[in-house]
Amino acid sequence: MEGLIKERLPRHVAIIMDGNGRWARQKSLNRIEGHIKGIEAVRAVVTSCRELGIKFLTLYAFSIENWRRPGNEISALMGLLQRYLREELDEMLENNIRLKAIGDLDSLPRDAHDMLIETVEKTTHCDAMVLILALSYGGRDEIIRAVRRLIVDAKNKKIRPDQISEETFPNYLSTKDIPDPDLLIRTSGEYRISNFLLWQMAYTEIYVTKTLWPDFRKEDLIKALLNYQRRQRRFGLTSEQLAMEPG
Ligand code: FPP
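Please read all numbers here as calculations on a predicted model, not as lab measurements.

Definitions and cut-offs
- Residues numbered from 1 in each chain as written.
- Predicted model: local features only at pLDDT ≥ 70, side-chain atom pairs only at ≥ 80, totals over all residues.
- Heavy atoms only, no water.
- Helix = DSSP H or I, 4+ residues; strand = E, 2+ residues; numbered from the N terminus.
- Rg over C-alpha atoms; globule rule 2.2 N^0.38 Å.
- Buried < 20%, exposed > 50% of the residue type's maximum accessible area, 1.4 Å probe, protein only.
- Contact = heavy atoms within 4.5 Å.
- Pairing = 2+ DSSP bridges.
- Axes fitted to C-alpha atoms, helices over the stretch in contact; angles between N-to-C directions.
- Near = heavy atom within 4 Å.
- Polar contact = N/O pair within 3.5 Å; in protein donor to acceptor, adjacent residues only side chain to side chain.
- Areas by Shrake-Rupley, 256 points an atom, 1.4 Å probe, with all protein chains shown as cover.
- 1 Å grid on protein atoms, 1.4 Å probe; cavity = no way out; pocket = protein on both sides within 12 Å on 5 of 7 lines; lining within 4 Å.
- Sits in = over half its atoms within 2 Å of the grid points.

Remarks on the overall build of the protein
Looking only at helices and strands, the protein has seven helices and six strands in total. Its helices and strands in sequence order give the protein the pattern β-α-α-β-α-β-α-β-α-β-β-α-α, from N to C terminus. A compact globule built from 247 residues would reach a C-alpha radius of gyration of about 18 Å, and the protein, at 19 Å, matches this within 12%. Taken along the three principal axes of its C-alpha coordinates, the protein extends 55 × 50 × 35 Å.

Dropping the structure here:
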């Protein structure tokens, strides 16, 4: 498999799909053409991750900050989301891919929201891979909303302050039951996390490529995975301690 070590593949890959606008500008097209082309990259990467055996793939499709973009671009992105869901449902079912969504989903336009929930529900039985779309997502917003829910539970005596820990707090996040990302890929050469999965990325390896998202394909994914496999993740331990650990 292209030099990849199957046993050391990341369980969860998260991607900041950046550079659609620049891709379009380079070709004297409008930004929306860049997003349309970006969907092709989404399809290619979902298929490749499924083939390679990656269990969780999270795509940052629309950030909470993206609501500040021009109205026509927001509508186009929401339209593309619906088109993607409509066109990919059969593919997801055939390939046993479960769809999940994270973010402030209630703020999505009703038709996009409903189609999203419907697709999520239709794929709940699929278990080969989980595709997570981050939509109207902000890491700080997610943490604040988790704290609100936690306080309600505390008030209702469902949790005591001394039970709040690094193990229990993630149950209040929208990524409950999803392991933290092992690898974050960001396209288009920017070295930023951009309010993505702030809690979850405490130990995530970061890989940045200059490739613009619409050009990102399987070869680029493999490069990122090979780079990841060359790294040693120490989680605060020394190399000597790691060498003594079983497995
Ligand atoms: C960043 O490029 C990309 C986005 C804000 C949206 C990403 C969306 C897609 C790839 C298409 C929709 C996805 C799905 C899953 C339906 P940018 O516009 O910020 O690029 P720029 O920084 O070059 O301007």
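Next, the rest of the story.
A closer look at the environment of I15
Relative to the helices and strands, I15 is located in strand β1 (residues 12-16). On the accessibility criterion, I15 (0% relative accessible area) is buried. Along the chain, I15 and R186 lie 171 residues apart, while their C-alpha atoms are 5.8 Å from each other. Leave out the neighbours within four places in its chain, and I15 touches V45, L57, T58, L59, Y60, L184, I185, F196 and W213.

So, the sheet that holds strand β3 (residues 97-102)
Pairing within the open sheet is parallel, and its six strands lie in the order β3-β4-β2-β1-β5-β6. Lying at the two open borders of the sheet, with one neighbouring strand each, are β3 and β6 (205-208). Taken over all neighbouring pairs, the strand axes of this sheet differ in orientation by 20° on average, direction set aside. The pairing of β1 with strand β2 (residues 56-63) spans five bridges and is classified as parallel. Each bridged residue has a counterpart across the sheet, and for H12 the counterpart in β2 is F56. The strands that helix α4 (residues 110-122) touches are β3 and β4 (129-137); relative to β3, the one it contacts most, it runs at about 140°.

Topic: the pairing of β2
With seven of eight residues buried, β2 is to be regarded as a mostly interior element. Where β2 lies against β4, seven bridges are found, and the strand directions are parallel. When the sheet's bridge partners are listed, F62 is paired in β4 with L135.

Digging into the site of the ligand
Around the ligand lies a shell of 16 residues, among which M17, G21, R22, R31 and R69 are the nearest. Contacts to the ligand include R22, whose backbone N or O atom sits 2.7 Å from an oxygen atom. A total of 620 Å² of accessible area belongs to the ligand in isolation, and the protein chains cover 92% of it. Given that more than half its atoms are within 2 Å of the pocket grid, the ligand belongs to the largest pocket. Of all elements in the fold, only α1 (20-26), α2 (31-52) and α3 (71-94) reach the threshold of two or more residues within the shell around the ligand.

Spatial relationships are all this shows, so hold off on functional conclusions.
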